[in-house]
Amino acid sequence: MDILLAVGILLFIAGFILIGIEMVIPGFGAPGICGIICLVAGVFVTADTVEEGAFITVVVLALLGIMMAVILWLLSKGKLRSPIVLEEEQKKEEGYISSGDLNFLLGKTGTADTDLRPTGVANFDGVSFDVISEGKYISKGTKLMIIKVNGSRLIVRETKE
């Protein structure tokens, strides 16, 4: 076997492995760039003519497409673990709350940190929240009470305290 052909095959193998790593761990970093360089160098080393180089390039692109489809299928079926997908659950028992769990704030009183026109920021028990007034302007420093929780929206009203 010709030494250039052996080097070309090694470059193709290294290129496909490095691009496969980049497909599983995305970020267009060192593996992707090195893989592209290896594949291009492999085409130049193994091709004797321009037509042969074009044919090898088409074959390499087809193999990359097949490889990408297989890796996406494996990732979607859970057979490969993706490092960019969060697998831990954030449970309420462990202290995590979602925006739908703001009903505990109903009836709390606090002060407006900004002017509410009708939206702004208010402070309740030392924690700042984005709030919405009932539709009227409320100036900064006014005492407020949460009268309604609608998902993550806190509707407030001026109190007379």
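Above this text sits the structure in question.
Keep in mind that what you see is a predicted model, and the values were worked out from it rather than measured.

Peer 1: Help me understand the packing of aromatic side chains, please; the structure alone is not making it clear to me.
Peer 2: The geometry of an aromatic ring pair is captured by the separation of the ring centres together with the interplanar angle, meaning the angle of the planes. Under the definition given, this model contains 1 aromatic pair. Relative to Phe129, the ring of Phe124 lies with its centre 6.4 Å away and its plane at 50 degrees, an arrangement referred to as tilted. Here Phe124 matches Phe129 in class, with each residue buried.

Peer 1: Would you mind showing me how to read helix H3 (residues 50–76) here?
Peer 2: Three- or four-residue spacings in an α-helix give side chains the same orientation, since the helix completes a turn every 3.6 residues. Between its terminal C-alpha atoms H3 stretches 39 Å, which fits the 39 Å expected from 27 residues at 1.5 Å a residue. By the burial criterion, the buried members of H3 are Gly53, Ile56, Val60, Leu64, Met67 and Ile71. Structurally, H3 contributes buried residues whose contacts are with helix H1 (3–24) and helix H2 (30–46). The first or second residue beyond H3 is Gly78, which carries a positive phi of 80 degrees.

Peer 1: Help me out: how do you make sense of a nonpolar patch on the surface in this one?
Peer 2: On the surface, Leu5, Ile9, Leu10, Ile13, Ile17, Ile21 and Ile25 cluster together to form a nonpolar patch covering roughly 630 Å² of accessible area. Position of Ile21 relative to the elements: it lies in helix H1. For Ile21, a relative accessible area of 38% corresponds to the partly exposed category.

Peer 1: Is there a simple way to explain H1 in this structure?
Peer 2: The terminal C-alpha atoms of H1, which comprises 22 residues, lie 32 Å apart, in line with the 32 Å expected from a rise of 1.5 Å per residue. For H1, every residue scored as buried is listed here: Gly8, Phe12, Gly15, Phe16, Ile19, Gly20, Glu22 and Val24. In this structure, the buried residues of H1 make contact with H2 and H3.

Peer 1: It is not clear to me how the pattern of salt bridges should be interpreted in this structure. Could you clarify?
Peer 2: Oppositely charged side chains can pair when the atoms bearing their charge come close. Within this structure, the stated rule accounts for 4 salt bridges. Between Lys108 and Asp125 there is a salt bridge, with its nearest N and O atoms 3.0 Å apart. Here Lys108 is found in the loop between H3 and strand S1 (109–112), whereas its partner Asp125 is found in the loop between strand S2 (119–124) and strand S3 (127–133), with 17 residues between them in sequence. Owing to a relative accessible area of 29%, Lys108 belongs among the partly exposed residues under this scheme. In this structure, Asp115 engages Arg117 in a salt bridge whose closest nitrogen and oxygen atoms are separated by 3.3 Å. By relative accessible area, which is 25% here, Asp115 ends up partly exposed. The class of Arg117 is exposed, set by a relative accessible area of 60%.

Peer 1: Explain the pairing of S2 to me, please; I cannot follow it from the model alone.
Peer 2: On any regular strand, side chains alternate: one points to one face of the sheet, the next to the other face. Of the two faces of S2, only one is covered, namely that formed by Gly120, Ala122 and Phe124; the face formed by Thr119, Val121 and Asn123 stays uncovered. Bridge analysis of S1 against S2 gives 2 bridges, and the strand direction is antiparallel. Bridge pairing in S2 links Ala112 to Ala122. Counted along the chain from S1 to the antiparallel partner S2, the turn is 6 residues long. In terms of strand pairing, S2 meets S3 through 6 bridges, oriented antiparallel.

Criteria and cut-off values
- Residues numbered from 1 in each chain as written.
- Predicted model: local features only at pLDDT ≥ 70, side-chain atom pairs only at ≥ 80, totals over all residues.
- Heavy atoms only, no water.
- Phe/Tyr/Trp six-rings, centres within 6.5 Å; stacked < 30°, edge-to-face > 60°.
- Buried < 20%, exposed > 50% of the residue type's maximum accessible area, 1.4 Å probe, protein only.
- Helix = DSSP H or I, 4+ residues; strand = E, 2+ residues; numbered from the N terminus.
- Expected span 1.5 Å × (residues − 1).
- Contact = heavy atoms within 4.5 Å.
- Patch = residues over 30% accessible without salt bridge, like charges linked within 9 Å, V, L, I, M, F, W, Y side chains within 5 Å.
- Areas by Shrake-Rupley, 256 points an atom, 1.4 Å probe, with all protein chains shown as cover.
- Salt bridge = Lys/Arg side-chain N within 4 Å of Asp/Glu carboxyl O.
- Pairing = 2+ DSSP bridges.

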